[in-house]
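Chains, contacts and geometry: an overview
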Amino acid sequence: MQISEIVEKQRAFFHTGATLSVKFRLEALKKLKACIQRYDEEIAAAVKADLGKSKMESYMVENGLVLSEISYMLKHTRSYAREKTVWTPLAHFASRSFKKPSPYGVVLIMSPWNYPFMLALEPMVDALAAGNTVVLKPSAYSPHTSAIIEKIIGECFPAEYVSVVSGGRKENQALLQEHFDYIFFTGSQAVGREVMQKASVHLTPVTLELGGKSPCIIMKDANLKLAAKRFVFGKLLNCGQTCVAPDYIYCHESVRDAFVEEVKKQLRKQGGEDCFQNPDYGKIINEKHFQRVSGLIDQSKVVYGGQTKPETLQIAPTVMTDVTWEDAVMQEEIFGPLVPVLTFTDTKNLIEKLHTMQEPLAFYVFTSSKKTAKQLMSACSFGGGCINDTIIHLATSEMGFGGVGASGMGAYHGRVGFDTFTHYKSIVDKKTWLDLPMRYQPYKRFYDKLIHIFLR
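Residues numbered from 1 in each chain as written. Predicted model: local features only at pLDDT ≥ 70, side-chain atom pairs only at ≥ 80, totals over all residues. Heavy atoms only, no water.

**Quick look at a nonpolar patch on the surface**
A surface patch of nonpolar side chains, about 420 Å² in accessible area, is lined by L90, F93 and W433. As for its placement among the helices and strands, W433 is situated in the loop between β20 (422-430) and α15 (444-455). (Patch = residues over 30% accessible without salt bridge, like charges linked within 9 Å, V, L, I, M, F, W, Y side chains within 5 Å. Areas by Shrake-Rupley, 256 points an atom, 1.4 Å probe, with all protein chains shown as cover. Salt bridge = Lys/Arg side-chain N within 4 Å of Asp/Glu carboxyl O. Helix = DSSP H or I, 4+ residues; strand = E, 2+ residues; numbered from the N terminus.)

The structure is reproduced here in structure tokens:
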């Protein structure tokens, strides 16, 4: 089926009103949940083939999160989809004012390769809960996962309701020529700009989930052992190929050496003395990205790791110290297991430096001071983050997840996700048994009476 035909059929199906039924939406989500559970082993195998993720990690950050989002929407969609009565001004008497949640229509979801299952299906769950139809475009860089996604969607839904479009740049370009009612994109800033430009032709609203260089701030009063443990967890997850991975360490100079030693210990403990012998240690997605990440390693500054294994596309966790803001590793988002370490001397200089940089998708600070944590969280602009941990802020349906500025716009997860794919119509239901005359011309008679009342 041609892309234009898919969009046309989905629009026709949406206009039948079938997706407006909450019962229809819930049945669709139940069917999807059962299918994902049925294909648990195949999903894990596909993600392993694409990214080398272990079965445990795959469930934790891929299908497990999708199932959690489905469960949340099954519990809450009925209440989210209800009309909400709001206060009516006295001047509108007699009437009822209410907000009516309404789906946008035909939604395009474009997902990346780094979390190929979760980042495709989780926004789709929110879009379906809100009553839309979906055209899903998974990444060509993760073909095994894209194939199992297409299999699951094909078993669960007719093409006029949910369709998967496979392929690469050619298919992406063709999709962006079509008129969608909403576009949800996760990926790089460069492609995000192109998506936004194409969407502007049809004035299509967009959500852009991008990335950036997310800092991990280590204050001098931080619990260094725990901070290192939690930093390494966030950095090693998916071999560093996470949009909210702590990109670099920004450490108070008085504790840098001690913290680096703790990081080394944790890398040995969590990744193994020889990570290449660890069956749970992942790989870089493809040759292109392997070469890019490898090229960011400055061997003269490496204090741990630095090895690469081209035949398996693996790069050892690599710590570099004495890094400057001018080094290559600080000029782009790393998206790999490299750990550049920079230092600061006081909080004021730290904040001033961060203000000169683009807004990151995530922000992490380790400190024992509530005052310091509050100061940094208030002063700096970022999508979301953690105090004394990394990554975990996105693993909940109770808070929205999204970027700001260069790291994106819009958000999803839970109620925020439902709202993202919903337009709230503002409606006044005016009663016919009373019609106040003062809003109709001629106004002079009422104006004179009002003046007399207020000026006497």
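**Considering the sheet that holds strand β3 (residues 106-110)**
What the six strands build is an open sheet, ordered β5-β4-β3-β6-β7-β18; its pairing is mixed. The open sheet has two edge strands with one neighbour each: β5 (162-164) and β18 (408-409). As paired strands, strand β4 (residues 133-137) and β5 are joined by three bridges and run parallel to one another. Bridged to V135 within β5 is S163. In the packing of helix α5 (residues 118-129) onto the sheet, the strands contacted are β3, β4, β5 and β6 (182-186), and the crossing angle to β4 comes to about 170°. (Pairing = 2+ DSSP bridges. Contact = heavy atoms within 4.5 Å. Axes fitted to C-alpha atoms, helices over the stretch in contact; angles between N-to-C directions.)

**Here's the deal with the packing of aromatic side chains**
Each aromatic ring pair is summarised here by two numbers: the centre-to-centre distance and the angle between the ring planes. In this structure the tally under the stated criterion is 17 aromatic pairs. Aromatic pair W113 and F335: ring centres 5.5 Å apart, planes at 90°, arrangement edge-to-face. Of this pair, W113 sits in the loop between β3 and α5 while F335 sits in the loop between β13 (318-320) and β14 (338-344), placing them 222 residues apart in sequence. Considering the side-chain rings of F363 and F382, the 4.8 Å spacing of their centres and the 15° angle between planes classify their relative orientation as stacked. Taken together, the residues span a long stretch of sequence, with F363 in strand β15 (residues 362-366) and F382 in the loop between α13 (370-379) and β16 (384-387) at a distance of 19 residues. The same class applies to F363 as to F382, namely buried. Three or more aromatic residues joined by ring pairs form one cluster here, namely Y104, Y182, F184, F401, Y412 and F421. Across from the ring centre of W325, 4.6 Å away, lies the NZ or CZ of K353, which sits over that ring. (Phe/Tyr/Trp six-rings, centres within 6.5 Å; stacked < 30°, edge-to-face > 60°. Buried < 20%, exposed > 50% of the residue type's maximum accessible area, 1.4 Å probe, protein only. Lys NZ or Arg CZ within 6 Å of the ring centre and 35° of its normal.)

**Focus: unusual backbone geometry**
Residue A94 is bonded to the preceding F93 through a cis peptide linkage, with omega at 5°. If you trace the backbone, A94 turns up in the loop between β1 (84-86) and β2 (95-103). Cis peptide bonds are those with omega within 30 degrees of zero, and the linkage from Q441 to P442 qualifies with 0°. Checked against the element boundaries, P442 lands in the loop between β20 and α15. Positive phi, close to 60°, is recorded for C239, a residue that is not glycine. Its place among the elements puts C239 in the loop between α9 (224-236) and β9 (248-252). The residue L313 is not glycine, and still its phi comes out positive at about 60°. Structurally, L313 is set in the loop between β11 (308-309) and β12 (314-315).

**Digging into the nonpolar core**
With 120 residues, the main nonpolar core has L32, L121, M124, F157, I217 and I218 as its most contacted residues. Not counting the four nearest positions on each side in its chain, I217 is found in contact with Y250, F344, L350, L354, F363, Y364, V365, F366 and L376. With 18 residues, the next largest nonpolar core counts V135, V165, L176 and L208 among its residues. (Core = buried A, V, L, I, M, F, W, Y, C linked by side-chain atoms within 4.5 Å.)

**What to know about the sheet that holds β2**
The sheet built from three strands is open, its strands ordered β1-β2-β20 with antiparallel pairing. Only two strands of the sheet have a single partner each, and these edge strands are β1 and β20. The sheet shows a mean angle of 30° between the axes of neighbouring strands, taken without regard to direction. Alignment of β1 against β2, held across three bridges, turns out to be antiparallel. From the neighbouring strand, V86 faces β2, where its bridge partner is S97.

**A short note on the environment of K269**
Relative to the elements of secondary structure, K269 occurs in helix α10 (residues 256-271). When the C-alpha atoms of K269 and V232 are compared, they prove to be 9.8 Å apart, with 37 residues separating the residues in sequence.

**With respect to empty space enclosed by the protein**
Applying the stated criterion across every chain yields a total of one cavity of 30 Å³ or more. Approximately 40 Å³ is the volume found for the largest cavity. Lining the largest cavity we find G212, K235, G240, T242, A245, P246, D247, E333, I334 and F335. Residue composition of the lining of the largest cavity, grouped by class: four nonpolar, three polar and three charged. (1 Å grid on protein atoms, 1.4 Å probe; cavity = no way out; pocket = protein on both sides within 12 Å on 5 of 7 lines; lining within 4 Å. Points joined across faces, edges and corners; volume = space filled by probe spheres on them. Nonpolar A, V, L, I, M, F, W, Y, C, P; charged D, E, K, R; others polar.)

**A word on the packing of helix α2 (residues 22-38) against helix α4 (residues 55-80)**
Relative to each other, α2 and α4 sit at 160°, their axes nearing to 10 Å. By the angle between their axes, α2 is roughly antiparallel relative to α4. The two elements α2 and α4 meet at a crossing, and its hand is left-handed. Contacts between α2 and α4 involve V22, L26, L29, K30, L32, K33, I36 and Q37 on the former and, on the latter, N63, V66, L67, I70, S71, M73, L74, T77 and R78. For the contact of α2 with α4, the class distribution of residues is ten nonpolar, four polar and three charged. (Parallel < 35°, antiparallel > 145°, perpendicular 65-115°, else oblique. Left-handed = near helix turned anticlockwise from the far one by under 90°.)

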